[in-house]
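# Inside the fold
Residues per chain, in single letters:
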Amino acid sequence: MPSIKLTLPENETPSRIALRGDIITIGRRPDNAIQIRDRTVSAHHAELHYEDGHYRLRDRGATNGVRVDGRMVSDYHLRESCRIDLGGIECEFHVSQIPAGAETDDEKLATRAEVSAAWRECEALRKQLDLAEEELQRLWTAAASDRQALTNDYAKLATQCHRQQVELRRRDGEVAILQTGIRLLRRERESLQAALDEALSAGISAARATNLPKPPLPH
């Protein structure tokens, strides 16, 4: 079975991928059968087409092109093992047999149908994530609105409390004035009562001295 060996940017050791399927896409985007996350690799860089018992390598308009054994190609029949350069990524293509010293645990390459299914699943998950983010934003906005309403209610309550405190202080002042007035009235009444008592006592003494009838006591 043909295979391709390359070192992916996210791995430290080379990966040997067994090729299967009629069409194998290679590029930077995740909808490719072989995804290479490297800035020198185009979104859809190249394709491998299985024809007449071998793979045919085609350039899909990659910015940095495709090279086979150092030579730039756009359409190349891979009948023999060779080196393939995809942008800045170097690959080793092997026709069938495993070269000496190569790993025997090939990675399974996803078919086009499997890639499409995985891509659709990713799109569905992405939509669910978008909906979840929208719901989170709605809840956040509602919470912010509730916080603002609570803040407004607190401000109104604080204003009312301040007004009541001012009114209470004003009434306390009025009560203090009234209490002072009551004390003054009591003192004045006591003074008048003492003067009256003194006048009555003097009148009674004068009447006794002159034998005049006693003045009537006030009722």
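Owing to the predicted nature of the structure, the values given are computational and were not obtained by experimental measurement. (Residues numbered from 1 in each chain as written. Predicted model: local features only at pLDDT ≥ 70, side-chain atom pairs only at ≥ 80, totals over all residues. Heavy atoms only, no water.)

Turning our eyes to something else, we now look at the overall build of the protein. Along its length, the protein carries one helix and 12 strands. Along the protein, helices (α) and strands (β) appear in the sequence β-β-β-β-β-β-β-β-β-β-β-β-α when read from the amino end. Within the protein, the proportion of its 219 residues that are buried is 23%. When the accessible surface of the protein is summed, it comes to about 15,700 Å², and 54% of that surface belongs to carbon and sulfur atoms. (Helix = DSSP H or I, 4+ residues; strand = E, 2+ residues; numbered from the N terminus. Buried < 20%, exposed > 50% of the residue type's maximum accessible area, 1.4 Å probe, protein only. Areas by Shrake-Rupley, 256 points an atom, 1.4 Å probe, with all protein chains shown as cover.)

Let us now look at the packing of aromatic side chains. Across all of its chains, the model carries one aromatic pair by this definition. A centroid spacing of 4.9 Å and a plane angle of 65 degrees characterise the contact between Y50 and Y55, whose relative ring orientation is edge-to-face. Judged by its relative accessible area of 39%, Y50 is partly exposed. A cation sits over an aromatic face here: R147 above W140, 5.1 Å from the ring centre. (Phe/Tyr/Trp six-rings, centres within 6.5 Å; stacked < 30°, edge-to-face > 60°. Lys NZ or Arg CZ within 6 Å of the ring centre and 35° of its normal.)

On to the environment of I4, then. Inspection of the secondary structure puts I4 in strand β1 (residues 3-6). Among the residues examined, I4 registers a relative accessible area of 4% and is labelled buried. Spatially, the C-alpha atom of I4 lies 9.7 Å from that of C82, the residues being 78 residues apart in sequence. If sequence neighbours within four positions are ignored, I4 has contacts with S15, R16, I17, L19, I34, C91, E92 and F93. (Contact = heavy atoms within 4.5 Å.)

Another aspect to go through is a positive patch on the surface. The grouping of R183, R186, R187 and R189 at the surface amounts to a positive patch. Relative to the helices and strands, R183 is located in helix α1 (residues 112-210). (Patch = residues over 30% accessible without salt bridge, like charges linked within 9 Å, V, L, I, M, F, W, Y side chains within 5 Å. Salt bridge = Lys/Arg side-chain N within 4 Å of Asp/Glu carboxyl O. Lys, Arg positive; Asp, Glu negative; His and termini not counted. Charge placed at Lys NZ, Arg CZ, Asp CG, Glu CD.)

As a further point, take the confidence of the model for the protein. Low pLDDT marks regions whose predicted coordinates should not be analysed in detail. Across the protein, the average pLDDT comes to 82, with 86% of residues at 70 or higher. When the elements of the protein are averaged for pLDDT, strand β12 (residues 107-108) gives the smallest value, 57, and strand β7 (residues 66-68) the largest, 97. This stretch, residues 98-105, has a pLDDT under 50; its non-local contacts, to residues over four places away or in other chains, come to eight contacts. (pLDDT = per-residue confidence, 0-100.)

Turning our attention to the side chain of R56. For R56, the position within the fold is in strand β6 (residues 54-59). In this structure the side chain of R56 is engaged in a polar contact, spanning 2.7 Å, whose partner is the side chain of D75. Apart from the residues lying within four places of it in its own chain, the contact partners of R56 are E47, L48, H49, E51, D75, Y76 and H77. (Polar contact = N/O pair within 3.5 Å; in protein donor to acceptor, adjacent residues only side chain to side chain.)

For D52, which is not glycine, the phi torsion reads 50 degrees and is therefore positive. Note that D52 resides in the loop between β5 (46-51) and β6. Look at D69: it is not a glycine, yet its phi comes out positive at around 50 degrees. Summarising the element assignment, D69 is placed in the loop between β7 and β8 (71-73).

What follows deals with the pairing of strand β3 (residues 23-27). Within a regular strand, the side chains alternate between the two sheet faces. The buried fraction of β3 amounts to four of the five residues, a majority that puts the element mostly inside the structure. Inspection of the sheet shows β3 paired to β5 by four bridges, in the antiparallel sense. Its bridge partner lying in β5, I26 is registered against A46. As paired elements, β3 and strand β4 (residues 34-35) share two bridges and run parallel to each other. Looking at β4, one finds that I26 is bridged to I34. (Pairing = 2+ DSSP bridges.)

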